[in-house]
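Observations on the model geometry
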Amino acid sequence: MSEAVSPDRRVAGRPARREHVPLGILYMMGATIVFAASSATSKWLVARYPIGEVLFTRTAVALLSCALFILPYTGLAVFRTQRLRHHVMRSVSQGFSQTFLLIAFSLMPLAGAIAINFSAPLFATLVSALLLKEAVGLVRWAALLMGFVGVLIVTSPGAETFQIGALFALANAVLYGSVTAAVRGMTATESAETLTLYQLVLLTAFFTLLLPLGWISPTPIDAAWMIFNGISNAVGQYWWTRALHLAPASAISPFYYLSLIWASILGFAIWGELPTISLGIGSTVVVASGLFLVWRESNARQAATCAARE
């Protein structure tokens, strides 16, 4: 918390923003490691317990962990916001997207599901063009098309190789990308603490609705893994949000794709999932397309800023 702004400024609705690119990159790299660990733990747990139970315990533990860490510094003032509708919209979308992602984990290799999830920025750009009427030139359309080709390569949609889990992974990417396009400006007015706590509170409430669909009392060892899953998810969410506050997206986004490397390592170590040629080629195409779109957006913003100053 030493690099965060003072509590009174964090929750005043207009948090001070300092660019600190090296620290932002470190936060993002750390987030990819704990996110990969959380994803692997969720995949392992969902094979033994109902999806609703895994999602609820993960978010409930994450909420408790973040509350114990954040509230002593901020108090309840952290919940002051003028963008409650955006918080709800973001959390509902993430509730469905996380459900779809866990279903994908249960049906397909870990690295494949995460690779498809990397197409979310492509859908964010597509939604911005179709719904927000943002200008998308021929070059960006070409990048979108190449990204979708990469997704098709990863999913291997042949009659004998297609996996139903890929549809759930793709649905997760669509939802995540759509809500990103709708609320991508929230970090300009909301602190990392406010964004994190609102998300976890609303997601915990959302996943509570899934508990009647099934509950199995966990063994002590599995309960410990559930606690680890929640804590790692909390740390990942907070570090990821801090990274966005500390550095421009164009500077830290490339490091988010390290998640695929960690997921591939964990998938092989735990389940013996060997990366396929199609996964390698498709992932490269998806990542390259996403990075190109981030680079183009960054250049467009810089050009607009320079034009406004002139």
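For the structure, check the block above.
The following refers to the structure shown. (Residues numbered from 1 in each chain as written. Predicted model: local features only at pLDDT ≥ 70, side-chain atom pairs only at ≥ 80, totals over all residues. Heavy atoms only, no water.)

Let's talk about the overall build of the chain
We apply this condition: Think of it this way: any DSSP run of H or I at least four residues long counts as a helix, any run of E at least two long counts as a strand, and we number them from the N terminus. Exposure categories follow from relative accessible area, calculated using a 1.4 Å probe and restricted to protein chains: below 20% of the type maximum is buried, above 50% is exposed, and the middle band is partly exposed. Any two residues having at least one pair of non-hydrogen atoms within 4.5 Å are treated as being in contact. Note on areas: these come from Shrake-Rupley sampling with a 1.4 Å probe, and a residue is covered only by the protein chains present in the view.
When you go through the chain residue by residue, the secondary structure sums to 13 helices and zero strands. Counting from the amino terminus, the chain carries its helices and strands in the arrangement α-α-α-α-α-α-α-α-α-α-α-α-α. Counting every position in the chain, which comprises 310 residues, the buried fraction comes to 48%. Of all intrachain contacts in the chain linking residues separated by at least 6 positions in sequence, the fraction that spans at least 24 positions is 89%. For the chain, the accessible area works out to roughly 14700 Å², and carbon and sulfur atoms hold 70% of it.

So, the side chain of S91
Following the sequence through the fold, S91 ends up in helix α4 (residues 84-107). Residue classification places S91 among the buried positions, given a relative accessible area of 4%. Not counting the four nearest positions on each side in its chain, S91 is found in contact with Y198, Q199, L202 and L203.

Some words on the pattern of salt bridges
Let me state the cut-off plainly: Counted as salt bridges are all cases of a side-chain nitrogen of Lys or Arg within 4 Å of a carboxyl oxygen of Asp or Glu.
Enumeration over the complete set of coordinates arrives at one salt bridge. For E273, the salt bridge is made with K43, and the minimal N-O distance between the two is 3.8 Å. Taken together, the residues E273 in the loop between α12 (258-271) and α13 (277-309) and K43 in helix α2 (residues 21-46) connect sequence positions 230 residues apart. Exposure class is identical for E273 and K43. Each is buried.

Considerations on the nonpolar core
Quick reminder of the rule: For the purposes of this section, nonpolar cores are sets of buried Ala, Val, Leu, Ile, Met, Phe, Trp, Tyr and Cys residues that join through side-chain atoms within 4.5 Å.
Formed by 32 residues in total, the largest nonpolar core has its most connected members in F105, M108, I116 and F118. Of the residues forming this core, the biggest block, six residues, is contributed by helix α5 (residues 110-117). In contact with F118, not counting residues within four places along its chain, are Y256, Y257, S259, L260, V286 and V287.

Here we look at the environment of M108
Here M108 shows up in the loop between α4 and α5. You can call M108 buried: its relative accessible area is 5%. With 65 residues separating them along the chain, M108 and K43 place their C-alpha atoms 9.7 Å apart.

With respect to the packing of α2 against helix α3 (residues 51-74)
Basically, it comes down to this: A fitted line through C-alpha atoms represents every axis, and for helices the fit uses only the stretch in contact; the resulting angles, taken between N-to-C directions, go from 0 to 180 degrees. Each helix crossing is assigned a hand: it is left-handed if the near helix lies turned anticlockwise from the far helix by less than a right angle, otherwise right-handed if that turn is clockwise. Think of it as three bins: nonpolar holds Ala, Val, Leu, Ile, Met, Phe, Trp, Tyr, Cys and Pro, charged holds Asp, Glu, Lys and Arg, and polar takes everything else, Gly as well.
Relative orientation of the contacting elements α2 and α3 amounts to 145°, with a least axis distance of 9 Å. For the element pair α2 and α3, the recorded crossing hand is right-handed. Taking contact as the criterion, the partners of S38, S42, L45 and V46 in α2 are, on α3, I51, V54 and R58. Split by residue class, the contact of α2 with α3 holds four nonpolar, two polar and one charged.

As for the side chain of H87
Following the sequence through the fold, H87 ends up in helix α4. In this structure H87 comes out as buried when scored by relative accessible area, which is 1%. Those residues in contact with H87, other than ones at most four positions away along the chain, are T81, M186, E190, T194, L195, Y198 and L202.

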